[in-house]
Amino acid sequence: MIKNIVFDMGGVLIRWDTATMLDQLDLSAEDREILNRELFRTVEWMQQDRGVMTEEQLRRAVLARLPQRLWAPAEKLIGWYHEFIFPVPGMGELVRELKSNGYHIYLLSNANLALRTYFCRIPGSECFDQLMVSAEEKLLKPAHEIYERLYEKFDLNPAECFFIDDMPANVEGAIRTGMNGAVFYGDVSRLRRDLNAAGISCGA
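Residues numbered from 1 in each chain as written. Predicted model: local features only at pLDDT ≥ 70, side-chain atom pairs only at ≥ 80, totals over all residues. Heavy atoms only, no water.

Engineer: Outline the packing of helix 6 (residues 91-100) against helix 11 (residues 188-197), supporting the account with residue identities and numerical values.
Structural biologist: For the pair helix 6 and helix 11, interaxial distance at closest approach is 11 Å and the crossing angle is 25°. Regarding the angle of helix 6 to helix 11, the classification is roughly parallel. Judged by the sense of rotation from one axis to the other, the crossing of helix 6 with helix 11 is right-handed. Each of Met 91, Glu 93, Leu 94, Glu 97 and Leu 98 in helix 6 lies in contact with helix 11, whose residues at this interface are Val 188, Leu 191, Arg 192 and Leu 195. Across the contact of helix 6 with helix 11, the residue classes tally to six nonpolar, no polar and three charged. (Axes fitted to C-alpha atoms, helices over the stretch in contact; angles between N-to-C directions. Helix = DSSP H or I, 4+ residues; strand = E, 2+ residues; numbered from the N terminus. Parallel < 35°, antiparallel > 145°, perpendicular 65-115°, else oblique. Left-handed = near helix turned anticlockwise from the far one by under 90°. Contact = heavy atoms within 4.5 Å. Nonpolar A, V, L, I, M, F, W, Y, C, P; charged D, E, K, R; others polar.)

Engineer: Break down the environment of Trp 71 for me, citing the residues and quoting the values.
Structural biologist: Relative to the helices and strands, Trp 71 resides in helix 5 (residues 71-78). For the pair Trp 71 and Leu 35, spaced 36 residues apart in sequence, the C-alpha separation works out to 9.7 Å. Among residues more than four places away in sequence, those in contact with Trp 71 are Leu 63 and Leu 66.

Engineer: I'd like a rundown of the sheet that holds strand 5 (residues 180-183), residues and numbers included.
Structural biologist: Paired through backbone hydrogen bonds, the strands of a sheet run either parallel or antiparallel to each other. Taken in spatial order, the five strands line up as 3-2-1-4-5 in an open sheet, and their pairing is parallel. The open sheet is flanked by strand 3 (130-133) and strand 5, the only strands paired with a single partner. The average angle at which neighbouring strand axes cross in this sheet is 20°, direction not considered. Pairing geometry for strand 2 (residues 104-109) and strand 3, over four bridges, is parallel. (Pairing = 2+ DSSP bridges.)

Engineer: Give a description of helix 11 that names residues and reports values.
Structural biologist: Given 3.6 residues per turn, any residue in an α-helix points the same way as the ones three and four places further on. Of all the residues in helix 11, the buried ones are Val 188, Leu 191, Arg 192 and Leu 195. Summarising the axial view, the buried residues of helix 11 lie within an arc of 100°, below the 170-degree limit, and thus occupy one face. At its buried positions, helix 11 is contacted by helix 6 and strand 4 (161-165). The residue sitting at the N-terminus of helix 11 and contributing the capping side-chain oxygen is Asp 187; that oxygen lies 3.0 Å from the backbone nitrogen of Ser 189. Gly 199 sits one or two positions beyond helix 11 and adopts a positive phi of about 85°. (Buried < 20%, exposed > 50% of the residue type's maximum accessible area, 1.4 Å probe, protein only. Arc of directions from axis to C-beta. Polar contact = N/O pair within 3.5 Å; in protein donor to acceptor, adjacent residues only side chain to side chain.)

Engineer: Mind laying out the nonpolar core, listing which residues take part and the relevant values?
Structural biologist: Here is a general trend for soluble globular proteins: nonpolar side chains tend to be buried in one another's company. Counting residues in each nonpolar core, the largest one holds 55 residues, and the members touching the most others are Ile 5, Phe 7, Met 91 and Leu 98. Apart from the residues within four sequence positions on either side, Met 91 is in contact with Phe 7, Val 12, Leu 13, Phe 184, Val 188 and Leu 191. Listed in part, the 17 residues of the second largest apolar core include Met 132, Leu 150, Tyr 151 and Ala 174. (Core = buried A, V, L, I, M, F, W, Y, C linked by side-chain atoms within 4.5 Å.)

Structure follows, in structure tokens:
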């Protein structure tokens, strides 16, 4: 019997869409590609989420290889959570409904150490019993160790948990450790059907 619902954040509770962020900055196609390549598609970005590089270290590394004209937009993208939190419509309502139906709600997110400073701005955040942030654990999904850490840290039985993530590899990683789950494709109605199919009480 499922008692615990575990959510990813980016791509599930909030949109993680670097193109939309870049759209806000009035950049040329060339500069968009430079920022995408030199910031979002870097080892340093992943190291920040794994907790072995700070946001300030990321900033220094990125700015050092960018032309000066891109320093200001790069700063905005590095601190994306100040301006670019876009809630996924319907997810806050789903989280609140699941909580009101008696489920415990958890977060398991690949994110940097700033997450706890902005998580309160995400609809439904007040419903979460506990948060697990990859940077704090120095582990990244889909490594099996981060799921095992979740179970151990919050005293959870994986057979009683259901995981929602937008990345199939992360859901598959959860399944390999004994937790059921579903991939979120941006369609809240489909997710509700997946939850109902797993015996989880929520409206269609």
